[in-house]
Structure formats: structure tokens, C-alpha cells
Amino acid sequence: MLGFKTIEDVYNAFDQVGCCSFATLDGKGGVESRIAHFFAWDEEGLYLRTMDVKPFYRQLVEGGKLSVCGERTDAPCQWDDDNMPHFQPGFMVRVSGDVRLLSQGEVDAKAAKNPMFNVAVYDINKYPRTRVLVLNRFRAELYDYDFNMVHRDHKILRARMTFGGAEWEPAGLSIDPEACIACGSCADVCTHKAIVPGDAYSIRGERCDECGNCYNVCPAGAVIGKGVA
């Protein structure tokens with residue numbers, strides 16, 4: 001899994017994961033999470049369903065926010081004699097954004113042309129309190145990892161996209177070209193091979209894990225840290 005550019009790509013990444021963690025605002029200043037999944041997608045968003053007698057439904061409707069993440073790997077993490085982890089190649093996917101409730105008429109119209117909605121129709125007939133919601137404005141990231149560099153010469157590839165007018169800054173730290181003195185200290189400590197040499201060094205955001213090593217060693221203070229005050 002090396003990237004995504006469309007909402008179908010996002011759905012397919014979650015579909016490969018299967019059941020994921022769905023987090024909502026609890027209405028009391030906290031958050032709650034549960035295992036669930038998306039059942040469909042179209043040009044308007046990603047779809048989920050639940051019953052309107054559940055806290056999950058109330059939190060979705062009242063809070064209007066949803067964050068979902070999941071991970072897929074072909075083998076479990078292995079631990080060596082020094083209790084150090086060795087992760088097998090895999091990927092993580094996440095989305096965060098806004099949700100809205102669909103009317104029954106909208107569900108019926110979508111089911112008439114999209115077979116992915118058959119499961120929603122089945123559930124509504126069997127469990128009449130079933131409701132369908134859509135994540136229709138979101139930011140998404142795919143984090144493809146190969147930490148032990150089994151299949152390539154760098155550890156990660158990150159891809160980001162937005163949908164429905166959402167905004168998200170690019171992945172990775174950055175270097176101020178006006179402040180960079182091209183000493184190479186950042187490249188020496190970057191284990192993710194994200195540094196690009198030049199008259200002014202730069203960072204490949206899709207490879208950067210934002211670990212902060214380059215920020216720590218830069219003698220010119222040229223590395224821009226996103227979370228540092």
C-alpha cells in the first residue's frame with residue numbers, strides 16, 4: 001500500500017484493515033472509541049451505520065465529529081533477546097472530520113444505484129433503529145511502513161489527502177533555506193533517509209516521521225518543528 005489520491009483509495013485502505021477504531025466526542029469533554037467499519041463510499045463520502053439508541057449515535061449526531069484509524073500488517077511484531085521490537089512491513093490509515101446523518105430517503109436513493117448499500121438496507125429491515133451517517137468532510141493519511149527496510153532503502157512513505165473542503169498541512173518537518181548552512185548534521189542523524197542535500201538542505205515530507213533528531217542537532221536552528229513553542 002503506497003499511497004492514495006481518491007476517496008475510493010481511502011475506503012479500500014480501510015477495507016483491507018477491516019475493523020478499525022472509531023473515536024467520537026462524548027459530550028462531556030472527553031472522547032470514546034469502539035471497533036467498527038465503513039461499509040460504503042461514493043462521491044459524497046465514507047458511510048457507516050449504527051442504531052439510534054446507542055451512545056455512539058448520539059455522539060456522532062451531537063458532536064458531528066469522527067476520527068478513525070486502523071493498521072494492517074502481514075505478520076505480528078517480533079521481539080528480540082534485548083526486548084526490542086521488529087515490525088514487519090505494513091500500513092496505518094487514519095481519517096478525521098465531520099459527519100452528518102442521512103435521511104431514509106437518501107439511503108433508499110443510494111441503495112437503488114449503489115450495491116454497497118445493500119447491507120444497510122438489510123440492517124434497517126432487520127433492526128429498524130439502524131441509521132446511516134456519512135463522513136463527508138475529512139483529512140486522511142496513509143502511513144506505509146517498512147521499519148526494518150525489508151523491501152526498500154527507507155522506512156516510511158506518508159500520503160495525505162483531504163476531502164470535502166477540509167485542510168491539512170503537509171507531512172514532515174521542514175528546513176528554512178535562508179537559515180540552513182548546509183553542514184549535513186541533519187542528514188547524519190536521520191534514520192528515515194528523509195534529508196535531501198543541496199546548497200540548502202531540505203526534507204522529504206513523505207519519508208519524515210517527525211522524530212525531531214534533525215531539530216535537535218541543527219546548529220543554525222534552521223529546522224522547523226511543528227509542535228515546538
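The present account deals with the structure reproduced in this document.

Calculation rules
Every chain's residues receive numbers from 1 upward, in the order its sequence appears when written. Under the rules for a predicted model, residues below a pLDDT of 70 receive no local features and side-chain atom pairs below 80 are neither given nor counted, while totals for whole chains, interfaces and linings still include all residues. The basis for the side-chain values is all heavy atoms of the structure; hydrogens and waters are excluded. Helix and strand definitions here come from DSSP, where helices need a minimum of 4 consecutive H or I residues and strands a minimum of 2 consecutive E residues; each element is numbered from the N-terminal end. We call two residues in contact when some of their heavy atoms are within 4.5 Å. Think of a polar contact as two N or O atoms within 3.5 Å of one another; within protein, one of them needs to be a possible hydrogen donor and the other a possible acceptor, and neighboring residues in sequence only count if both atoms come from side chains. Residues belong to one nonpolar core when they are buried, are Ala, Val, Leu, Ile, Met, Phe, Trp, Tyr or Cys, and are joined through side-chain atoms within 4.5 Å. Burial status follows relative accessibility: with a 1.4 Å probe on protein chains alone, a residue under 20% of its type maximum counts as buried, one over 50% as exposed, and anything between as partly exposed. Two aromatic rings from Phe, Tyr or Trp, using only the six-membered ring of Trp, form a pair when their centres are within 6.5 Å; if the ring planes differ by under 30 degrees the pair is stacked, by over 60 it is edge-to-face, and anything between is tilted. Any two cysteine sulfur atoms lying within 2.5 Å of each other are counted as a disulfide. Strands were regarded as paired on the criterion that DSSP finds at least two bridges between them. Every case where a carboxyl oxygen of Asp or Glu lies within 4 Å of a side-chain nitrogen of Lys or Arg is listed as a salt bridge.

### Re the environment of R34
Among the structural elements, R34 can be located in strand β2 (residues 31-36). Sequence spacing of R34 and F56 is 22 residues, and the spatial spacing of their C-alpha atoms is 8.5 Å. Discounting chain neighbours no more than four positions away, the residues touching R34 are C20, S21, F22, A23, T24, F56 and Q59. Polar contacts involving the side chain of R34 include one to the side chain of T24, which spans 3.0 Å.

### Remarks on the nonpolar core
Ranked by internal contacts, the top residues of the largest apolar core, which has 29 residues, are F22, F38, L66 and V95. Secondary structure elements with two or more residues in this core: α1 (7-17), β1 (20-25), β4 (45-51), α2 (55-63), β5 (65-73), β8 (90-101), β9 (130-145) and β10 (156-163). Tallying contributions element by element places α1 first for this core, with six residues. Those residues in contact with F38 that lie beyond four places of it in its chain are Y11, F14, F22, L46, Y47, L48, L66, V68, V95 and L135.

### Some words on the packing of aromatic side chains
Across all of its chains, the model carries ten aromatic pairs by this definition. When the ring of F22 is compared with that of F38, the centres are 5.1 Å apart and the planes differ by 50°; the resulting orientation is tilted. Within this pair, whereas F22 is found in strand β1, its partner F38 is found in the loop between β2 and β3 (40-42), the two being separated by 16 residues in sequence. Each member of the pair, F22 together with F38, is buried. With a centroid separation of 6.5 Å and an interplanar angle of 85°, the aromatic rings of F22 and F56 are classed as edge-to-face. Placement of F22 in strand β1 and of F56 in helix α2 is noted, with a sequence separation of 34 residues between them.

### Here we look at the state of the cysteines
According to the stated counting rule, one finds zero disulfides in the structure shown. Left without a disulfide partner, C190 is nearest to the cysteine sulfur of C211, which lies 6.4 Å away. As a non-bridged cysteine, C211 has C214 as the owner of its nearest cysteine sulfur, 6.3 Å distant.

### Brief notes about the pairing of β5
Bridge analysis of β1 against β5 gives three bridges, and the strand direction is antiparallel. Residue pairing for β5: F22 is matched across the bridge by V68. Where β5 meets β8, nine bridges bridge the pair, whose relative direction is antiparallel. Bridged to G70 within β8 is V93.

### A closer look at the pattern of salt bridges
A complete count under the given rule lists 20 salt bridges for this structure. In this structure, R160 engages E141 in a salt bridge whose closest nitrogen and oxygen atoms are separated by 3.0 Å. Taken together, the positions of R160 in strand β10 and E141 in strand β9 put the pair 19 residues apart, joining distant regions of the chain. Assessed through its relative accessible area of 24%, R160 is described here as partly exposed. We classify E141 as buried; its relative accessible area is 3%. Close ionic contact of K226 with E169 constitutes a salt bridge, the shortest N to O distance being 4.0 Å. Within this pair, whereas K226 is found in the segment after β14 (223-224), its partner E169 is found in the loop between β10 and β11 (174-175), the two being separated by 57 residues in sequence. According to the relative accessible area criterion, K226 is partly exposed, its value standing at 36%. A residue is classified by how much of its surface remains accessible, and E169, at 47% relative accessible area, is partly exposed.

Just geometry here; none of it tells us what the structure is for.
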